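Now for the letters of each chain:
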Amino acid sequence: MRIVYFSADQDADQWLPGLRAALPGAEVSLWTQGTAPADYAVVWKPLQQLLDEQPHLKALFNTGAGVDALMALNLSAGVPVIRLDDAGMAVQMAEYVCHALIRHFREFDAYEADTRAGQWTYRKPRSRADFPVGILGLGVLGERVARAVAQFDFPVNGWSRSPKDVPGVQCYSGLERLPDFLAATRVLVCLLPLTRDTQDIMNQENLSRLQSGAYVINVARGAHLVDEDLLALLDSGHLAGATLDVFRTEPLPAEHPFWKHPKVTVTPHTSARTLRSESIAQIAGKIVALERGEMVAGRVELGRGY
Ligand code: NAP
Ligand code: GLV
């Protein structure tokens, strides 16, 4: 069996030994122009040329959860695309979102500023009932985040394409229920895949539907958010703040207003990192399963884009 690896992050020196150790019978190599046809490709943000030169793969593995970079390429319709299915990302996402939520809810930034100034001050405790959290996307990551947030007794809403039943979560589905979901939400968390249907979803119209003093946490993709609309609503006071991990252009350009905005916290696309050993174990396990003719989780539906 032949496997090719390619990543725009140029980290093959770390992935190739891991893949070889996990699949000792396989010939694993870095993809470069003209590499011989392989059975499987393991990729992150590959070049179109790789796909053109490898049209008969048994499967194309994406070393992340989001496949938007792949969807922007011309994929062979017959080649299954398989994305990472948690592989250690869900718990990271849960801790990141809970951290951002609790930091905002408990006003820890304000306490830190006070104590740094040598001031022993108290703020009036806030009620969790006044901070319903709404999660856009109840998939592998969104559902894990919803359950984690519910553990802290916040009211939790979730929105997905198909109807769901998640204990402790008020579930909404479909575009027609989006306005009700937003109106019931004060802290909005985006965990949608980036598709034609979800691009720009956090725009002026939808963000205005959130409860007054709302807070936005974007951990999905930068293009879900219309930056100018967020800034205008922060400046008008309708939104209290935002924690943003993902951006339309990454790294975030030095001149972008998010860097210095007092109500915006920026992190460098780090909320849920691909963990190499967990990911290699998952991909290797799926290759073995596919070779046995079994079904595997995480297969992308190309028609819907995730
Ligand atoms: P997933 O399992 O595919 O879940 C996607 C969820 O979004 C599903 O609940 C799906 O609804 C819902 N959805 C998709 N299109 C929708 C639409 N048009 N309307 C309503 N709901 C819609 O994906 P995941 O593994 O949770 O990952 C989510 C995203 O997180 C990834 O695509 C990636 O962009 C991002 N991510 C970011 C980081 C980071 O470090 N910042 C790390 C990993 C992932 P159904 O359940 O009905 O299909
Ligand atoms: C990271 O952003 C991923 O999609 O895994």
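Structure shown above.
Bear in mind the structure is a predicted one, so any value in this text is a computation, not a measurement. (Residues numbered from 1 in each chain as written. Chains lettered and ligands numbered in written order. Predicted model: local features only at pLDDT ≥ 70, side-chain atom pairs only at ≥ 80, totals over all residues. Heavy atoms only, no water.)

Visitor: I keep staring at the overall build of the protein chain and nothing clicks. Help me out?
Guide: The secondary structure content of the protein chain amounts to 10 helices and 12 strands. For a compact globule of 306 residues, the expected C-alpha radius of gyration is about 19 Å, and the protein chain comes in at 21 Å, within 12% of that figure. If one aligns the C-alpha atoms of the protein chain with their principal axes, the spans along those axes are about 65 × 45 × 35 Å. Look at the contacts in the protein chain between residues 6 or more apart in sequence, and 60% of them connect residues 24 or more apart. (Helix = DSSP H or I, 4+ residues; strand = E, 2+ residues; numbered from the N terminus. Rg over C-alpha atoms; globule rule 2.2 N^0.38 Å. Contact = heavy atoms within 4.5 Å.)

Visitor: Just checking my understanding: could you explain the site of ligand 2 for this structure?
Guide: The environment of ligand 2 is formed by W44, G64, A65, G66, M89, R221 and H269. Backbone polar atom of G66 to an oxygen atom of ligand 2: 2.8 Å apart, as the coordinates give it. Between ligand 2 and R221 there is a distance of 2.8 Å, counted from an oxygen atom to a side-chain nitrogen or oxygen. Protein contacts shield 87% of the accessible area of ligand 2, which totals 200 Å² for the unbound molecule. In terms of residue class, the shell around ligand 2 is made up of three nonpolar, three polar and one charged. (Near = heavy atom within 4 Å. Polar contact = N/O pair within 3.5 Å; in protein donor to acceptor, adjacent residues only side chain to side chain. Areas by Shrake-Rupley, 256 points an atom, 1.4 Å probe, with all protein chains shown as cover. Nonpolar A, V, L, I, M, F, W, Y, C, P; charged D, E, K, R; others polar.)

Visitor: Is there a simple way to explain empty space enclosed by the protein in this structure?
Guide: Where empty space is left can be seen by rolling a probe of water-molecule size over the atoms. On inspection of all chains with the given rule, the structure shows one cavity of 30 Å³ or more. Reported here for the largest cavity is a volume of approximately 40 Å³. Considering the residues around the largest cavity, the lining is formed by L136, L178, L182, L188, I201, M202, N206 and L207. Contributions of two or more residues to the lining of the largest cavity are made by α7 (178–183) and α8 (204–208). Residue classes in the lining of the largest cavity are distributed as seven nonpolar, one polar and no charged. (1 Å grid on protein atoms, 1.4 Å probe; cavity = no way out; pocket = protein on both sides within 12 Å on 5 of 7 lines; lining within 4 Å. Points joined across faces, edges and corners; volume = space filled by probe spheres on them.)

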